[in-house]
Amino acid sequence: MIYIKTEEEIEKIRDSCRIAYRTVMMLGKYIKPGIKTSELNSIAEDFILKNGARPAFKGYKGYPATICTSINEEVVHGIPGDRKLKEGDIISVDIGTCRNGYYGDVAFTFPVGEVDDEKKRLMDVTRESLYKGIEKAAPGNRLSDISHAIQSYVEANGFSVVRSLVGHGIGRNLHESPEVPNYGAPGMGPELKPGMCLAIEPMVNAGMYEVYTLDDGWTVVTLDGRPSAHFEHTVAITENGPVILTAD
Ligand code: MF3
Ligand code: CO
C-alpha cells in the first residue's frame, strides 16, 4: 500500500531532503581530477552528521558506505574507494539521509573537468527527463504517466532507460511502495494523490539499456560498456502539483 503523508510529515521529509541536497551540492565543489571517491564519501558523511542527519545507505542491506559513486559505465550503487577521478569522467553521486525517522534521497551526475559531447548530452537529457517525469507527479495523473514522460523524452533523444532498476515511494522508509519505473505506457498504475512522496530517478544509458552487477555485489554497469547518467529527486505530490523536496 502507498502511505499518504500529512503536511507535517512532508515537512519532516523536507528537512531530511534539504540535508541530502546540500550534501550533494557541496560535494559538487570537490569533484575534480585526482580526488578519490573514498574522500568524497568521508566529506559527505561528516557533513550529514554535522547537520543532524544519518547516512541512510550505510548498512542498508549491508551497503558499506554513505554515498554511491558511479563513474562512466557504472550506472548506480558504485562503492567509494581508492579510485581517483580523472578528466573526462562523469560521476553520479547518490545520497540518502535520515532525520527524525524520515528519509531523503537525491542523486546528481557531475562532469570531471571537460567531458566529451556525448557525455554532456547524456547528462543533459537525463536531468531533463527527470523534470519531465516530475511535471507529471500531480493529482489525477496515474503513476505510469511519470514513467512514460521519462521514457519518451529519453528515447526521442536517442538514449535508453534502464529497466531493471526503478524509483520508489519514500518517507518513514527509504524504499516504500510504489515502484516508479522509468518506462511504460501512460495511464496505468495507481492514481496519484496529494500526500504521496516519490523518489524519481531515471538511469539513462548512452547505448543499450541492459545492465549487470559486478562481483562486488553492488556496482551496476552497462552491458555494452558505454556511459550512463543518473539524476534523482524526492518529490511530494500536493494539491498544487509536484513539490521537489530535495532543494534548499
Ligand atoms: N538511491 C538508491 C536507491 O534508491 C540507492 C540506495 S541503495 C543503497 O535505491 F544500498 F546504497 F542504499
Ligand atoms: Co532512490
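Here, every reference points to the structure presented above.
Residues numbered from 1 in each chain as written. Chains lettered and ligands numbered in written order. Predicted model: local features only at pLDDT ≥ 70, side-chain atom pairs only at ≥ 80, totals over all residues. Heavy atoms only, no water.

Caption draft 1: Broad picture of the coordination of the cobalt ion (ligand 2). Around the cobalt ion (ligand 2), the protein supplies D105 (OD), H168 (NE2), E201 (OE) and E232 (OE) as donor atoms, at distances of 2.1 to 2.3 Å. Because the angles between the 6 donor atoms bound to the cobalt ion (ligand 2) fall within 63 to 169°, the donor set is best described as irregular. In primary sequence terms, the donor set of the cobalt ion (ligand 2) follows D-x62-H-x32-E-x30-E. Here E232 lies in the loop between β13 (228–230) and β14 (233–238) and E201 lies in the loop between β9 (197–200) and β10 (203–205), a separation of 31 residues in the sequence. Grouping residues by exposure puts E201 and E232 together as buried. (Donors = N, O, S within 2.8 Å, 3.2 Å for Na, K, Ca; no water. Tetrahedral: all angles 85-135°; square planar, octahedral: opposite > 155°, others 65-115°. Helix = DSSP H or I, 4+ residues; strand = E, 2+ residues; numbered from the N terminus. Buried < 20%, exposed > 50% of the residue type's maximum accessible area, 1.4 Å probe, protein only.)

Caption draft 2: Structural detail: the environment of G169. The topology assignment puts G169 in strand β7 (residues 167–169). Remark: the alpha-carbon pair of G169 and L198, spanning 29 residues in sequence, is separated by 4.4 Å. Residue contacts for G169: discarding those within four places in its chain leaves L174, H175, E176, S177, P178, C197 and L198. (Contact = heavy atoms within 4.5 Å.)

Caption draft 3: Representation of the sheet that holds strand β11 (residues 211–213) in the model. Across the sheet, 3 strands lie side by side as β3-β12-β11; this open sheet has antiparallel pairing. The two strands at the open ends of the sheet, each matched to only one other strand, are β3 (74–76) and β11. Direction aside, neighbouring strands of the sheet carry axes that sit 40° apart on average. Alignment of β3 against strand β12 (residues 220–222), held across 2 bridges, turns out to be antiparallel. Opposite V76, over in β12, you have V220 as the bridge partner. (Pairing = 2+ DSSP bridges. Axes fitted to C-alpha atoms, helices over the stretch in contact; angles between N-to-C directions.)

Caption draft 4: Molecular detail of helix α2 (residues 37–50). The end-to-end C-alpha distance of α2, which contains 14 residues, comes to 20 Å, matching closely the 20 Å that a straight helix rising 1.5 Å per residue would cover. Every buried residue of α2 is listed here: T37, L40, N41, A44, E45 and I48. The arc enclosing the buried residues of α2, seen along the axis, measures out at 130°, which places them on a common side. Contacts from the buried residues of α2 go to α1 (7–28), β1 (54–55), β2 (67–71) and β4 (90–99). (Expected span 1.5 Å × (residues − 1). Arc of directions from axis to C-beta.)

Caption draft 5: Structural view of the environment of I67. Position of I67 among the secondary structure elements: in strand β2. Take I67: its relative accessible area is 0%, and that puts it in the buried class. With 40 residues separating them along the chain, I67 and A107 place their C-alpha atoms 9.6 Å apart. Apart from residues lying up to four places away in sequence, I67 is in contact with L27, L40, N41, A44, F57, G78, P80, V93, D94 and I95.

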